[in-house]
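# Remarks on the overall topology
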There are 2 protein chains.
Amino acid sequence: MQRTNWSAPEPVFRRRLRDRFGTDDAAAVATVVDVRGSAYRRPGAKMLFEGTAATGSITAGCLETDLADASRRVRESGEPELRSYDLTSDESETWGLGVGCEGVVTVLLEPLSERYRPVVEAFGDRRHLGVLTVLADETGPLEPGSRAYYRPETGTLEPRDGSTRDAWGGQTLLERADELVARGRPAVTTQTSDGRSLRVFVDVVEPVPELVVFGSGHDVGPVVHAGTDAGFRVTVVGFRGGVDMAARFVDADRTLTTAPARIDERLDLTERTYAVVMTHNFVDDCLTVERLLASPAPYIGLLGPTDRYEKLVAELDPSPGTDLERVYAPVGLDLGGGSPHQIAQSIAAELLAVRNGKTPTHLRTADGPIHERPDP
Amino acid sequence: MQRTNWSAPEPVFRRRLRDRFGTDDAAAVATVVDVRGSAYRRPGAKMLFEGTAATGSITAGCLETDLADASRRVRESGEPELRSYDLTSDESETWGLGVGCEGVVTVLLEPLSERYRPVVEAFGDRRHLGVLTVLADETGPLEPGSRAYYRPETGTLEPRDGSTRDAWGGQTLLERADELVARGRPAVTTQTSDGRSLRVFVDVVEPVPELVVFGSGHDVGPVVHAGTDAGFRVTVVGFRGGVDMAARFVDADRTLTTAPARIDERLDLTERTYAVVMTHNFVDDCLTVERLLASPAPYIGLLGPTDRYEKLVAELDPSPGTDLERVYAPVGLDLGGGSPHQIAQSIAAELLAVRNGKTPTHLRTADGPIHERPDP
């Protein structure tokens with residue numbers, strides 16, 4: 001649960017990428033490769049540039065203007081480009097939009113072409129993917145920007161851009177890639193052997209966590225919205241006909257109507273499934289929680305007061321081995337506030353905390369750095 | 001800090017109310033008066049009905065259809081109407097949109113006419129207001145639905161609908177209204193004297209808390225958005241020209257561009273001002289925090305790592321009496337997640353917790369009921 005790619009792109013980025021991939025319009029993807037300093041997102045953060053539009057974020061506005069220019073060249077040439085920015089000189093220096101930035105940042109720009117297909121596909125399915133990009137290979141055969149994909153399920157490397165498997169060196173790089181993918185930590189790694197020094201950026205694509213909201217009331221919409229902002233792929237499940245689910249929950253990735261008894265057939269409940277149960281119907285809630293408890297879902301949030309949950313547990317009479325620790329009832333963090341949006345925010349905050357293995361507290365009293373530091 | 005009207009309407013409701021008030025189109029406001037049961041918002045929750053559209057929320061979909069019908073009558077007649085729904089019979093009973101509801105709920109419907117003006121004005125300014133509505137006065141002169149306003153600054157009662165000051169009874173009702181307004185707790189109160197039993201619903205309108213975001217980077221937009229959802233009136237302050245603030249932050253209630261030294265002139269910093277400082281510029285952050293520390297603002301969130309904040313405090317060298325407990329640096333709750341939206345959610349969660357005097361924790365481990373119970 002603690003393994004999280006801090007730089008996982010936001011839903012809006014993933015959707016836009018999917019929509020644009022394979023169209024005739026040229027687009028380019030910018031990915032943070034290396035960063036030392038403030039006002040930047042971590043390695044792996046991404047932006048999509050197309051025409052005059054951009055989606056996603058990699059800085060608070062420091063480099064976007066320059067990157068937009070560079071992305072035009074990349075879209076025209078079809079060739080990747082590595083750009084480094086050194087803004088260590090003076091913190092009062094402003095760049096572009098007047099947001100003070102300092103430090104050194106390296107960004108990879110590449111065309112949204114066939115070479116990027118495995119990334120687009122990985123965002124859409126449930127597999128992990130390592131994305132290897134050569135930064136420097138001075139005495140070796142690989143050009144900067146060369147690409148290979150690493151598949152952790154099989155431990156295989158898929159070279160692209162005409163590079164060969166041998167050119168990517170020995171087993172050490174694969175082991176390092178495997179480790180970074182397993183830790184969800186995009187980073188630069190340097191492999192040295194026989195006088196060759198190969199610098200590679202290993203990016204990590206992880207399956208997107210799934211939020212399944214059970215309910216169709218007016219309080220569901222804000223939860224869909226907040227869950228999406230929190231980075232979840234959201235499915236809304238209704239148990240009654242007569243509601244146009246897709247029209248009501250336009251922000252959801254998917255909506256479906258079924259019966260509580262058929263949840264298992266219609267949904268693939270995995271260890272990446274976060275569930276929020278808010279049908280407002282006691283029997284439906286009961287049946288739903290029962291099915292979820294039988295699944296490996298790590299988070300089962302239940303709307304409603306504690307005594308209602310106690311009644312529900314008594315009704316379910318779960319077998320002794322059942323892990324009720326996964327049930328968060330009443331759902332959400334204790335933030336006060338009773339509007340649907342405020343409740344949704346308290347649910348999203350709890351989803352993030354559980355997903356990231358955090359004990360919710362003020363950051364100012366939390367131990368350690370806000371983000372784990374990138375590897376040196 | 002702990003005094004909060006749990007049922008304060010959401011920003012979208014307040015805006016819509018302001019836009020519709022005084023137009024020729026008839027609209028009606030529904031307000032929850034009394035509630036026993038689940039799936040309902042607390043007393044004071046409101047919805048605006050106009051034509052086929054509705055704004056706000058008072059249930060998860062239980063009564064909206066019936067209320068929409070009733071609101072049509074109220075808009076046509078111009079007369080208020082009290083409606084009670086008893087859905088205790090059977091929890092599997094569904095009503096309207098298929099969301100199980102149980103309990104008894106009473107709703108006041110009233111036209112959005114001149115009689116409602118003090119409420120519309122109170123949402124827009126910074127005064128508290130008590131809104132008194134007669135539910136029953138069987139042996140007295142007041143009709144159900146009769147209205148008076150209570151002004152806590154002056155302790156005065158303003159009768160409406162042709163009722164007289166005397167008809168509203170003695171000092172006891174005013175004292176009770178004063179208490180409910182002070183506690184931010186809309187509730188029904190019964191005053192009995194000389195054989196008269198007067199039942200009055202006291203609604204509470206509170207000043208909306210203000211969020212001021214200092215910064216103009218791309219990371220500000222999500223904070224504006226999340227702060228609005230959290231129920232704050234949001235102002236964005238930029239320190240550099242060249243950025244079309246209003247166009248960039250369309251969700252904000254207000255945007256302005258100034259210099260850090262002129263914050264005090266341009267902004268009214270009060271004990272209801274929550275500030276988030278995210279200029280990404282060390283000098284601007286310093287000057288802004290300095291001004292905020294000299295104000296009564298109860299919350300000063302500062303983006304950036306702890307060591308940067310320590311450098312800032314060293315730079316400011318605040319006088320011994322300065323209350324640095326108000327500074328939340330790094331800003332936000334420790335939820336993990338590094339995308340702009342996730343960071344904004346952690347900030348909104350902290351804003352809610354501080355505003356509501358809550359120690360952030362999972363609701364399932366928090367003491368006491370989620371919402372304070374309405375008075376019996």
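Per an unreviewed UniProt entry, the recorded name for chain A is XdhC family protein, and the organism is Haloarcula saliterrae.

### A closer look at the overall build of chain A
Each helix and strand in chain A was counted, giving 10 helices and 16 strands. Residues counted as buried form 59% of the 376 residues belonging to chain A. The long-range share in chain A, meaning contacts at least 24 apart out of those at least 6 apart in sequence, stands at 61%.

### Digging into the interface of chain A and chain B
Contacts between chain A and chain B engage 73 residues on the former and 74 residues on the latter. Counting each side, the surface lost to burial between chain A and chain B is near 5,900 Å², with a carbon and sulfur contribution of 54%. Counting the contacts that link chain A with chain B gives four salt bridges. Put simply, the parts of the chain that give the side of chain A that touches chain B at least two residues each are α5 (220-229), α9 (306-316), β16 (327-328) and α10 (340-355) of chain A. Sorting elements by how many residues they give to the side of chain A that touches chain B places α10(A) first, with 10 residues. The residue inventory of the side of chain A that touches chain B, partitioned by class, reads 29 nonpolar, 29 polar and 15 charged.

### Thoughts on the relation of the copies chain A and chain B
Laying chain A over chain B is done by rotating through 180° and shifting 0.0 Å along the axis; what remains is an RMSD of 0.1 Å. Classification of the inter-copy transformation places it as that of a two-fold axis. The residues that chain A uses at the interface reappear at the interface of chain B in 100% of cases, marking a shared surface.

### Details of the nonpolar core
In this structure, Leu211(A), Val236(A), Tyr299(A), Leu211(B), Val236(B) and Tyr299(B) are the most contacted members of the largest nonpolar core, which totals 62 residues. The contacts of Leu211(A), once residues within four sequence positions are left out, are Val223(A), Gly227(A), Phe232(A), Arg233(A), Val234(A), Thr235(A), Tyr274(A), Val276(A) and Leu351(A).

### Describing helix α10 (residues 340-355) of chain B
Residue and element names in this part refer to chain B. In a regular helix each residue adds 1.5 Å, so 16 residues correspond to 22 Å; α10 covers 22 Å between its end C-alpha atoms and thus fits that length. Within α10, 14 of the 16 residues are buried, which leaves the element mostly enclosed by the surrounding structure. Following α10 by one or two positions, Gly 357 adopts a phi angle in the positive range, close to 65°.

### A word on unusual backbone geometry
Geometrically, the link from Ala329(A) to Pro330(A) is a cis peptide bond, its omega value of -5° lying close to zero. Within the fold, Pro330(A) resides in the loop between β16 and α10. Unlike most non-glycine residues, Asp161(B) shows phi in positive territory, near 55°. Judged by relative accessible area, which is 45%, Asp161(B) ranks as partly exposed. Backbone geometry at His280(B) places phi at a positive 65°, although glycine is not the residue there. By secondary structure assignment, the location of His280(B) is in the loop between β14 (273-277) and α8 (282-293).

### Describing the environment of Phe239(B)
All names here are of chain B. Considering the arrangement of structural elements, one finds Phe 239 in the loop between β12 (233-238) and α6 (245-248). For Phe 239, a relative accessible area of 10% corresponds to the buried category. In this structure the C-alpha to C-alpha distance between Phe 239 and Thr 257, which are 18 residues apart in sequence, comes to 5.6 Å. With residues up to four places along the chain from it excluded, the contact list for Phe 239 reads Phe 214, Thr 258, Ala 259, Pro 260, Ile 263, Thr 279, Asp 284 and Thr 288.

### Things to note about the packing of aromatic side chains
Residues and elements named next belong to chain A. A full pass over the atoms with the stated rule returns 10 aromatic pairs over all chains. Centroid distance Phe 13 to Phe 123: 6.5 Å. Interplanar angle 80°. Geometry classified as edge-to-face. Residue Phe 13 is found in helix α1 (residues 11-20), and its partner Phe 123 is found in helix α3 (residues 117-124); the two are separated by 110 residues along the sequence. For Phe 13, a relative accessible area of 1% puts it in the buried group. Given the relative accessible area of 7%, Phe 123 is considered buried. Measuring from centroid to centroid gives 5.3 Å for Phe 232 and Tyr 274, while their planes differ by 75°, and the two rings are edge-to-face. Placement of the pair is Phe 232 in the loop between α5 and β12 (233-238) and Tyr 274 in strand β14 (residues 273-277), with a sequence separation of 42 residues.

### Re the pairing of strand β15 (residues 299-302) of chain B
Residues and elements named next belong to chain B. Alternating residues of β15 divide into Tyr 299 and Gly 301 and Ile 300 and Leu 302, and every residue in both groups is buried. At this point the chain moves from β14, through α8, to the parallel β15, and the crossover so formed is right-handed. Relative to strand β16 (residues 327-328), β15 runs parallel, the two sharing two bridges. Across the sheet, the residue bridging to Ile 300 is Val 327, located in β16.

### Thoughts on the side chain of Arg14(B)
Residue and element names in this part refer to chain B. By the element assignment, Arg 14 lies in helix α1 (residues 11-20). Among buried charged residues, Arg 14 stands out as having no salt bridge; its nearest opposite-charge side chain is Asp 253, 5.6 Å away. In this view, Arg 14 contacts Pro 9, Phe 123, Val 208, Gly 231 and Phe 232; residues no more than four positions away in its chain are not counted.

### Observations concerning the sheet that holds strand β13 (residues 254-257) of chain B
All names here are of chain B. Strand order in the open sheet made by the six strands is β13-β12-β11-β14-β15-β16, with parallel pairing throughout. Of all the strands in the sheet, the pair left with one neighbour each is β13 and β16. Relative to β13, β12 is paired through four bridges, and the arrangement is parallel. When the bridges of β13 are listed, Thr 235 appears paired with Arg 254.

### What to know about the side chain of Ser57(A)
Assignment of secondary structure puts Ser57(A) in the loop between β3 (53-56) and α2 (64-77). In this view, Ser57(A) contacts Arg41(A), Ala45(A), Lys46(A), Met47(A) and Pro340(B); residues no more than four positions away in its chain are not counted.

### Some remarks on the packing of α8(B) against helix α9 (residues 306-316) of chain B
Residue and element names in this part refer to chain B. It is at 10 Å that the axes of α8 and α9 come closest, and there the two elements cross at 65°. For the element pair α8 and α9, the recorded crossing hand is right-handed. The segment α8 lies against α9, with Phe 282, Asp 285, Cys 286, Val 289, Glu 290 and Leu 293 engaging Arg 308, Lys 311, Leu 312, Glu 315 and Leu 316. Here the contact of α8 with α9 is built from residues that sort into six nonpolar, no polar and five charged.

Procedures and definitions
The numbering scheme is per chain: residues are counted from 1 as the chain's sequence reads. Labels are handed out in written order, letters beginning with A for the chains and numbers beginning with 1 for the ligands. The predicted origin of the model limits local features to residues at a pLDDT of at least 70 and limits the giving and counting of side-chain atom pairs to 80 or more, whereas totals for whole chains, interfaces and linings rest on all residues. To get the side-chain values, take all heavy atoms of the structure and skip hydrogens and water. In DSSP terms, a helix is any run of H or I states spanning at least four residues, a strand is any run of E spanning at least two, and both are numbered starting from the N terminus. Only protein chains enter the accessibility calculation, which uses a 1.4 Å probe; a residue whose area is less than 20% of its type maximum is buried, one above 50% is exposed, and one in between is partly exposed. Whether two residues touch is decided by their heavy atoms; if any such pair falls within 4.5 Å, the residues are in contact. Here the buried area means the combined drop in accessible surface, using a 1.4 Å probe, for two parts upon being joined, counting both sides. Whenever a carboxyl oxygen of Asp or Glu lies within 4 Å of a side-chain nitrogen of Lys or Arg, that contact is scored as a salt bridge. Asp, Glu, Lys and Arg are counted as charged, while Ala, Val, Leu, Ile, Met, Phe, Trp, Tyr, Cys and Pro are counted as nonpolar; the rest, among them Gly, fall into the polar class. Each copy is superposed on the other by least squares, with the fit set by C-alpha atoms of residues at a pLDDT of at least 70 in both. We define a nonpolar core as any set of buried Ala, Val, Leu, Ile, Met, Phe, Trp, Tyr and Cys residues linked to one another through side-chain atoms lying within 4.5 Å. How far a helix is expected to stretch is found by multiplying one less than its residue total by 1.5 Å. Any two rings among Phe, Tyr and Trp, with Trp reduced to its six-membered ring, count as a pair given centres within 6.5 Å; such a pair is stacked if its planes are under 30 degrees apart, edge-to-face if over 60, and tilted if neither. Consider the strands pointing away from the viewer: the crossover is right-handed when the path from the first strand over the helix to the second runs clockwise. A strand pair is defined by DSSP finding two or more bridges across the two strands. The charge count includes Lys and Arg as positive and Asp and Glu as negative, but it does not include His or the ends of the chains. Angles run from 0 to 180 degrees between N-to-C directions of axes, and those axes are lines fitted to C-alpha atoms, restricted for helices to the stretch in contact. By convention, the crossing between two helices is left-handed when the near helix turns anticlockwise from the far helix through less than a right angle, and right-handed when the turn is clockwise.

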